[in-house]
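# Descriptive analysis of the structure
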Amino acid sequence: MALSLLCVLTLACAAHGLSGQSVGKPSLTQECPIFLSTAKRCDPVAPKSFLPADAAAAWERKEPHSPDLSVLVDVLDAMHDMQTAYFAPWLGTWPDAIDWTAAVMGTHISGATRSLSEALIHIDPDRTSSVDWKLKSNLVERYFTQVTAYYFGQDAFAIRNEAYDDILWVVLGWLETIQLINVHTNLHFSYGLQHEDGRPQVDAVRGIADFFSNQTYHGNTWIPAFSHRARIFWDLASTGWDTELCGGGMIWNPRLLPYKNAITNELFIAASISMYLYFPGDENVSPYVQDSTDNSNPRTHSGPGDAEYLKAAVEGYKWLVSSNMTNQHGLYIDGFHISGYTDARNNNTKCDLRDDVVLSYNQGVLLTGLRGLWDATGASSYLSDGHRLIQNVIKASGYDLVSDAAIDDISTLKPGRLPRWHGLGRAGVMEDPCDASGTCSQDGQTFKGIFFHHLTAFCASLAAPAPEPGTGTAPNFDAHAFAAAAASHAHACSAYGGWLKHNARAALATRDDGGRFGQWWTAGLLQQRGWAGPWPTTAEDGVPRAPDAVDYHNYGVPDEEPWRRPVPRSPQREGTLGAQQQQPMAARARADELRRKKRWVAGDGVDADARDPNTRGRGRTVETQGGGLALLRAHWKIAHAP
């Protein structure tokens, strides 16, 4: 770990912290980090609470959530149904997914399998039932082998020619799988305690049992392959960092006019700090080697603690904080264009055309980045920023942490009236703007699950700094300040449990007979309340749509400036996004049938599909199933895991 660089980044360059617990934007403030790179020169002070004062006071009086294995059962059900219904082992992928959503689905499975591995010791701990190790291990192996199959099913060559955000999902996915292998190994396999490997020694008498008692988890065999792909794709994505426009930041898609958006920059921050923390190294220089004509500075690919990745993450977050990419509710909007970019007489280089669309995944990916920056630096402002963002999201769903309940009482609604839209949901349930109208694209159906995956990563218990790779020496840290930060972090995350339970109940109510989740979770609450009326269209869903809010994720990239260059249509323009085309909707949800289903027919003869709003549009898909799985995993890990 580059401790001298660490000191520079956290002190001289300033940590990116929040001064208080209001909705306001992140600010750049100096602070004394809890992890010390040299002799102690300052006194770090951990926040007394990461919650607003009124919420902190309310939660002081509440009992902590208790372990509940039934929540883990929901997680396992969701994962089983997802892999049974949508995964094709012989293809090594989810055939209905597209490149980037498949990468996210693989991440969900790796994350859920890691949570399963962590829970094994709590399943039948006193051995009073018939659940033995073989059965437990077999379930982990089932999903791990499917993720391994996906390594071969992933179209890596195609993705490397797509947008930078598509590339970065791959990095995060394989680093998540490496974490799964590391956790499963550390928890359930003792390695290197007897010999370096399982080969018999010539000068010793050994039996066959020695071969079985001295082996590590076989998943470690795949770490070189997974780490190589993560490294290759991080290298490819890093070329998207641009300093000529907007003072820095990642460009979204090199095949379009420059657009610097939240998701690509958040992914770069999260992927960079995850490479710093979890990348084990890569000695494989193929298939993409440096320019053979330039041997002046050969690239090495060291293991965890490579300062290049930490520097990229810190600089990425510093730019994001100063980019004016949050709205009045403290939520990240989509991104910026540069006005007049195609005008040769215009020398503007500022990001000044803002797309104000607010989407759930733009609030989520950054949480992994912020948690990783804390793990690397011990600067508690990163935790403050993360908790502030989470609390803004919860409020924007229409949920109040102080009362631990939805702000609006849906039992008082008039028949056929939707609950009020709060910015990112209603009735305390997260929604994306396309959910209620059933118009989400394959991209849009993936967003909420991404938020909950990264919320789970952020809310993991804080751990004392690990020994530096290669030295075995742990960094110095202020034990008192660390204990205070760990307690405050755990307390704040516990306060999110009620909101997670509320969302989980709504989502579970959208499952069909096959256990498949719907996209619009709020419908689960409305149906339980006996909804009476037609399901809403975009004109009736209560979601404000401003002219400067272009939801290109769900409704397509405009074929005009500032998105595309004003050139005549030609065959060469096909595929300019550099991304795989989204899969079409199911036949039963064709556009003409969708219009028919939106009409409400009273009486017993109503179409069965019209009773279920989650059959509209693309219907239930692997992406909606992944969203349900990620939500339930967050509910388990944050609120109910031992």
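Our subject is the structure that appears above.
Residues numbered from 1 in each chain as written. Predicted model: local features only at pLDDT ≥ 70, side-chain atom pairs only at ≥ 80, totals over all residues. Heavy atoms only, no water.

Helix and strand counts for the protein chain stand at 21 helices and nine strands. Within the span of the protein chain, comprising 642 residues, buried residues form 55% of the whole. The long-range fraction of contacts in the protein chain, counting pairs at least 24 apart against all pairs at least 6 apart in sequence, stands at 76%. Total accessible area on the protein chain is roughly 27,300 Å²; 54% of this is exposed by carbon and sulfur atoms. (Helix = DSSP H or I, 4+ residues; strand = E, 2+ residues; numbered from the N terminus. Buried < 20%, exposed > 50% of the residue type's maximum accessible area, 1.4 Å probe, protein only. Contact = heavy atoms within 4.5 Å. Areas by Shrake-Rupley, 256 points an atom, 1.4 Å probe, with all protein chains shown as cover.)

Turning to the packing of helix α7 (residues 164–188) against helix α9 (residues 223–238), a few remarks are in order. Each packed pair of helices is defined by two parameters, the angle between the axes and the distance between the axes. For the pair α7 and α9, interaxial distance at closest approach is 8 Å and the crossing angle is 155°. In terms of axis orientation, α7 runs roughly antiparallel to α9. For α7 against α9, the interelement crossing comes out left-handed. Mapping the contact onto sequence places Y164, I167, L168, V170, V171, W174, L175, T177, I178, I181 and N182 in α7 and I223, F226, S227, R229, A230, F233, W234, L236 and A237 in α9. Grouping the constituent residues of the contact of α7 with α9 by class yields 16 nonpolar, three polar and one charged. (Axes fitted to C-alpha atoms, helices over the stretch in contact; angles between N-to-C directions. Parallel < 35°, antiparallel > 145°, perpendicular 65-115°, else oblique. Left-handed = near helix turned anticlockwise from the far one by under 90°. Nonpolar A, V, L, I, M, F, W, Y, C, P; charged D, E, K, R; others polar.)

Okay, a nonpolar patch on the surface next. Where nonpolar side chains cluster on the molecular surface, the patch consists of I208, F211 and F212 and spans about 370 Å² of accessible area. The residue F211 is located in helix α8 (residues 209–213) in this model. Accessibility expressed as a relative area gives 42% for F211, which makes it partly exposed. (Patch = residues over 30% accessible without salt bridge, like charges linked within 9 Å, V, L, I, M, F, W, Y side chains within 5 Å. Salt bridge = Lys/Arg side-chain N within 4 Å of Asp/Glu carboxyl O.)

The next subject is helix α4 (residues 99–119). The terminal C-alpha atoms of α4 lie 31 Å apart, and with 21 residues this matches the ideal 30 Å at 1.5 Å per residue to within 8%. The buried count for α4 comes to 20 of 21 residues, which makes it a mostly enclosed element. (Expected span 1.5 Å × (residues − 1).)

Under the definition given, this model contains three disulfides. Between the sulfur atoms of C246 and its disulfide partner C351 the distance amounts to 2.0 Å. Judged by the sign of its S-S torsion, about 85°, the bond between C246 and C351 is right-handed. One end of the pair, C246, is in the loop between α9 and β2 (259–261); the other, C351, is in the loop between β3 (333–337) and β4 (353–358), and 105 residues separate them in sequence. Accessibility classification places C246 together with C351 in one group, the buried group. Between the sulfur of C434 and that of C440 lies a disulfide, 2.0 Å long from S to S. Its S-S torsion of approximately 90° makes the covalent link between C434 and C440 right-handed. Each member of the pair, C434 as well as C440, is classed as buried. (Disulfide = S-S within 2.5 Å.)

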